[in-house]
Amino acid sequence: MKVLVIGAGNMGLTYAEGMAKSPYLNRRNLMIYDVSPEKTLELREIPNFDVYDKIDDCLPKADVVFIAVKPYHSEELFNSIKKHVNESQLFISLMAGITINTIQEGLGIKKVVRAMPNLPAKVGLGMTSFTESKEVSRIELIMVRNLLDTTGEAIHVQNENFINASTGISGSGPAYVFYFMQSMMEAALKMGFSQNDSKILVTQTFEGAVALFNDSDLSPNAWMDMVASKGGTTRAALDSMEDNNVKELIKEAAYAAFDRATELGK
Ligand SMILES: NC(=O)c1ccc[n+]([C@@H]2O[C@H](COP(=O)([O-])OP(=O)(O)OC[C@H]3O[C@@H](n4cnc5c(N)ncnc54)[C@H](OP(=O)(O)O)[C@@H]3O)[C@@H](O)[C@H]2O)c1
């Protein structure tokens, strides 16, 4: 199996590097293509994959093609590569908001997987959800999962509505965590800690809480009850959050991202 990644930006390179390290592919089977001559020149320094600056040299050889360009470049890309694609190729799109139907029509092909990754893929802790057109076989889907898993975890979802929904949870989610971290760091600074100590206090608290959570079967609510004793400090903080409706506001924010993803797909 030969894999081509189109677009060597944040996501394209992350996936190419993830797949290069996996046991499923070796260097000879991994190709990457980008329109930018400067970028392809830089990429040639990396020994993990074959770098191309002409689409007709690489696309016809590929069995699986990742599309990792920005959504607003999709139409231009489809027009420029359409004549080089064939029906047996499987396309995996990472583009937010571009529907399977749009890709099928834009490229004149049938086999499309739409995936929604997130930024922690860069450090091997990504969360990707994916769904497929009906022409993709079960065996191809297993292979797709193996490829997507190379950057972290991947879950299969029933349809594209869940891709938009996962945009609201895991796709945009790292920014919600950064928002929470920023707020706690600002509180620490205000209490008089240095920038460096504020950063350590907050990051270690996040890492520790996630590790504890992963190490047990307890729900977040159960953990909160364990940490917060009646009349204590943690209870005071949680009560303040409840009084200010923080949980509902976070849910509303996730829905805002979900709605925006749905709107972009129209
Ligand atoms: N970054 C994320 O956290 C994230 C999360 C979820 C989904 N995604 C999706 O992942 C996709 C890629 O995002 P990104 O952040 O990796 O974008 P990016 O860093 O801008 O990378 C896209 C790359 O594709 C190149 N390109 C543009 N048009 C091309 C064409 N016709 N043929 C080949 N290469 C072309 C761009 O070159 P130029 O710079 O010269 O234009 C750039 O190098 C997007 O569709 C986005 O919706 C990203």
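Presented here is a report on the structure given in the accompanying data block. Everything quoted here is computed from the prediction, not taken from an experiment.

1. Comments concerning the overall build of the protein chain
Turning to step 1, where the next piece is worked out: Check the secondary structure of the protein chain and you find twelve helices and eight strands.
Turning to step 2, where the next piece is worked out: Expressed along its principal axes, the backbone C-alpha trace of the protein chain runs to roughly 70 × 40 × 30 Å.
Turning to step 3, where the next piece is worked out: Sequence separation of at least 24 residues holds for 59% of the intrachain contacts in the protein chain that already meet a minimum separation of 6.
Turning to step 4, where the next piece is worked out: On the protein chain, roughly 15500 Å² of surface is accessible, and the fraction owed to carbon and sulfur atoms is 56%.
Turning to step 5, where the next piece is worked out: Of the charged side chains in the protein chain, 26 are positive and 33 negative; the average position of the first set lies 4 Å away from that of the second.

2. Remarks on the site of the ligand
Turning to step 1, where the next piece is worked out: Among the 23 residues in the neighbourhood of the ligand, the closest are listed as M11, D34, K39, V69 and L94.
Turning to step 2, where the next piece is worked out: A distance of 2.7 Å separates an oxygen atom of the ligand from a polar atom in the backbone of M11.
Turning to step 3, where the next piece is worked out: D34 places a polar side-chain atom, nitrogen or oxygen, 2.8 Å from an oxygen atom of the ligand.
Turning to step 4, where the next piece is worked out: Taken together, the residues of the shell around the ligand break down into 15 nonpolar, five polar and three charged.

3. Describing the sheet that holds strand 3 (residues 50-52)
Turning to step 1, where the next piece is worked out: Pairing is mixed in the open sheet, where eight strands are placed in the order 3-2-1-4-5-6-7-8. In this open sheet, the two strands that pair with only one neighbour each are strand 3 and strand 8 (152-156). Averaged over all pairs of adjacent strands, the angle between their axes in this sheet comes to 25°, without regard to strand direction.
Turning to step 2, where the next piece is worked out: Pairing geometry for strand 7 (residues 126-132) and strand 8, over five bridges, is parallel.

4. A closer look at the pairing of strand 1 (residues 3-6)
Turning to step 1, where the next piece is worked out: Alternating positions in strand 1 separate into two faces, V3 and V5 on one and L4 and I6 on the other, with burial throughout.
Turning to step 2, where the next piece is worked out: The pairing of strand 1 with strand 2 (residues 30-33) spans four bridges and is parallel. The residue of strand 2 that forms the bridge with V3 is L30.
Turning to step 3, where the next piece is worked out: Once the chain exits strand 1 it traverses helix 1 (residues 10-21) before rejoining the sheet at strand 2, and the crossover so formed is right-handed.
Turning to step 4, where the next piece is worked out: Judged from the four bridges that link them, strand 1 and strand 4 (residues 64-67) form a sheet pairing that is parallel.

5. Section: helix 4 (residues 74-81)
Turning to step 1, where the next piece is worked out: If you check which residues of helix 4 are buried, you get S74, L77, F78 and I81. Viewed end-on, helix 4 has its buried residues packed into an arc of 100°, placing them on one side of the element. Exposed and facing more than 90 degrees away from the buried side of helix 4 are E75, E76 and N79.
Turning to step 2, where the next piece is worked out: The elements touched by buried residues of helix 4 are strand 1, helix 3 (55-58), strand 4 and helix 5 (100-107).

6. Looking at the pattern of salt bridges
As a working rule, side chains carrying opposite charge can pair if their charged atoms are close by.
Turning to step 1, where the next piece is worked out: Applying the stated criterion to the full structure yields six salt bridges.
Turning to step 2, where the next piece is worked out: Among the salt bridges present, the one from K111 reaches E140, with a minimum N-O distance of 2.7 Å. Of the two residues, K111 sits in the loop between helix 5 and strand 6 (112-116) while E140 sits in helix 6 (residues 138-148), which places them 29 residues apart along the sequence.
Turning to step 3, where the next piece is worked out: On the basis of relative accessible area, K111 is assigned to the buried category, the value being 13%.
Turning to step 4, where the next piece is worked out: Between K134 and E135 there is a salt bridge, with the nearest N and O atoms lying 3.2 Å from each other.

7. Describing the packing of aromatic side chains
Turning to step 1, where the next piece is worked out: Taken as a whole, this structure holds three aromatic pairs when the rule is applied.
Turning to step 2, where the next piece is worked out: Arranged with centres 6.0 Å apart and planes meeting at 70°, the rings of F180 and F206 form a pair that is edge-to-face. Of the two residues, F180 sits in helix 8 (residues 173-190) while F206 sits in helix 9 (residues 195-214), which places them 26 residues apart along the sequence.

8. Here's the deal with a nonpolar patch on the surface
Turning to step 1, where the next piece is worked out: Where nonpolar side chains cluster on the molecular surface, the patch consists of F180, M184, M241 and I250 and spans about 310 Å² of accessible area.
Turning to step 2, where the next piece is worked out: Here I250 shows up in helix 12 (residues 246-264).
Turning to step 3, where the next piece is worked out: Assessed through its relative accessible area of 43%, I250 is described here as partly exposed.

9. Some points on the packing of helix 7 (residues 160-171) against helix 8
Turning to step 1, where the next piece is worked out: For the pair helix 7 and helix 8, interaxial distance at closest approach is 5 Å and the crossing angle is 30°. What the angle tells us is that helix 7 and helix 8 run roughly parallel. Residue-level inspection shows T167, G168, I169, S170 and G171 of helix 7 in contact with helix 8, the latter providing G173, P174 and Y176.
Turning to step 2, where the next piece is worked out: Per-class residue counts for the contact of helix 7 with helix 8 are three nonpolar, five polar and no charged.

Procedures and definitions
- Residues numbered from 1 in each chain as written.
- Predicted model: local features only at pLDDT ≥ 70, side-chain atom pairs only at ≥ 80, totals over all residues.
- Heavy atoms only, no water.
- Helix = DSSP H or I, 4+ residues; strand = E, 2+ residues; numbered from the N terminus.
- Contact = heavy atoms within 4.5 Å.
- Areas by Shrake-Rupley, 256 points an atom, 1.4 Å probe, with all protein chains shown as cover.
- Lys, Arg positive; Asp, Glu negative; His and termini not counted.
- Charge placed at Lys NZ, Arg CZ, Asp CG, Glu CD.
- Near = heavy atom within 4 Å.
- Polar contact = N/O pair within 3.5 Å; in protein donor to acceptor, adjacent residues only side chain to side chain.
- Nonpolar A, V, L, I, M, F, W, Y, C, P; charged D, E, K, R; others polar.
- Pairing = 2+ DSSP bridges.
- Axes fitted to C-alpha atoms, helices over the stretch in contact; angles between N-to-C directions.
- Buried < 20%, exposed > 50% of the residue type's maximum accessible area, 1.4 Å probe, protein only.
- Right-handed = clockwise from strand over helix to strand, strands pointing away.
- Arc of directions from axis to C-beta.
- Salt bridge = Lys/Arg side-chain N within 4 Å of Asp/Glu carboxyl O.
- Phe/Tyr/Trp six-rings, centres within 6.5 Å; stacked < 30°, edge-to-face > 60°.
- Patch = residues over 30% accessible without salt bridge, like charges linked within 9 Å, V, L, I, M, F, W, Y side chains within 5 Å.
- Parallel < 35°, antiparallel > 145°, perpendicular 65-115°, else oblique.

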